[in-house]
Amino acid sequence: MGMTGVNVAWAEGGPVILAQHPGTELDRQARLLVSPDLHDAAMQNERPVLLTGSGRLSDDPPRTALFVQLQSASLCGSAGCSTSVYLPDGRKWIQVLDSVSGPITITPEMHGGMHDLLVDGTDRWIWNGTTYTDTQATTQ
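Definitions and limits used
- Residues numbered from 1 in each chain as written.
- Predicted model: local features only at pLDDT ≥ 70, side-chain atom pairs only at ≥ 80, totals over all residues.
- Heavy atoms only, no water.
- Helix = DSSP H or I, 4+ residues; strand = E, 2+ residues; numbered from the N terminus.
- Buried < 20%, exposed > 50% of the residue type's maximum accessible area, 1.4 Å probe, protein only.
- Contact = heavy atoms within 4.5 Å.
- Areas by Shrake-Rupley, 256 points an atom, 1.4 Å probe, with all protein chains shown as cover.
- Polar contact = N/O pair within 3.5 Å; in protein donor to acceptor, adjacent residues only side chain to side chain.
- Salt bridge = Lys/Arg side-chain N within 4 Å of Asp/Glu carboxyl O.

Of regular secondary structure, the protein chain possesses 3 helices and 9 strands. Relative to its 140 residues, the protein chain shows a buried fraction of 35%. Across the protein chain, contacts joining residues at least 24 apart in sequence account for 38% of those joining residues at least 6 apart. Summing over all exposed atoms, the protein chain offers an accessible surface of approximately 8300 Å²; the carbon and sulfur share of this is 52%.

Below you can see the structure in the form of structure tokens.
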């Protein structure tokens, strides 16, 4: 990036780092959001690993998204584990990107005041005012 400073990664985007954050408020929120998946995994005697990350998707107003990934044998297929993206909406979270596989990068490019998301290096998702839509999608 060529710049130094703690907030460069937030302002300029970049790869979303997913990690375990047990006991944190974000982890607690994420577990509520994916509770159906956690329940299904428990029925198969699995204890999925919950990874979370956050990233700023717009600067005005600052909207920090929650990235959530569950890792377990039944939830991760040949394409890898899937990640979902949520945005805060008042006191609740709304899902704006559901179950994409591959690393996610927040790009400098923007649509509708929100940064584009690049999934797995090649698949660009853009904000349509309500949610993220896949630019590679051929069907509506």
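Now, onward.
Right, let's get into the environment of Arg31. Relative to the elements of secondary structure, Arg31 occurs in helix H2 (residues 25–33). Along the primary structure Arg31 and Leu51 are separated by 20 residues, whereas in three dimensions their C-alpha atoms are 9.9 Å apart. A distance of 2.8 Å separates the side chain of Arg31 from the side chain of Asp27, its partner in a polar contact.

As a further point, take the pattern of salt bridges. Per the counting criterion, the structure on display carries 5 salt bridges. With a shortest N-O distance of 3.1 Å, Lys92 and Asp89 are connected by a salt bridge. Residue classification places Lys92 among the partly exposed residues on the basis of a relative accessible area of 49%. For Asp89, a relative accessible area of 35% translates into the label partly exposed. One salt bridge in this structure joins Arg124 and Glu109, with 3.3 Å as the shortest N-O distance. Note that Arg124 is positioned in strand E8 (residues 123–127) and Glu109 in strand E6 (residues 104–111), a separation of 15 residues in sequence. On the basis of relative accessibility, which here comes to 39%, the residue Glu109 falls in the partly exposed class. Residues joined by salt bridges that share partners form a network here, namely Glu109, Asp116 and Arg124.

Purely spatial values, then, with no claim about function.
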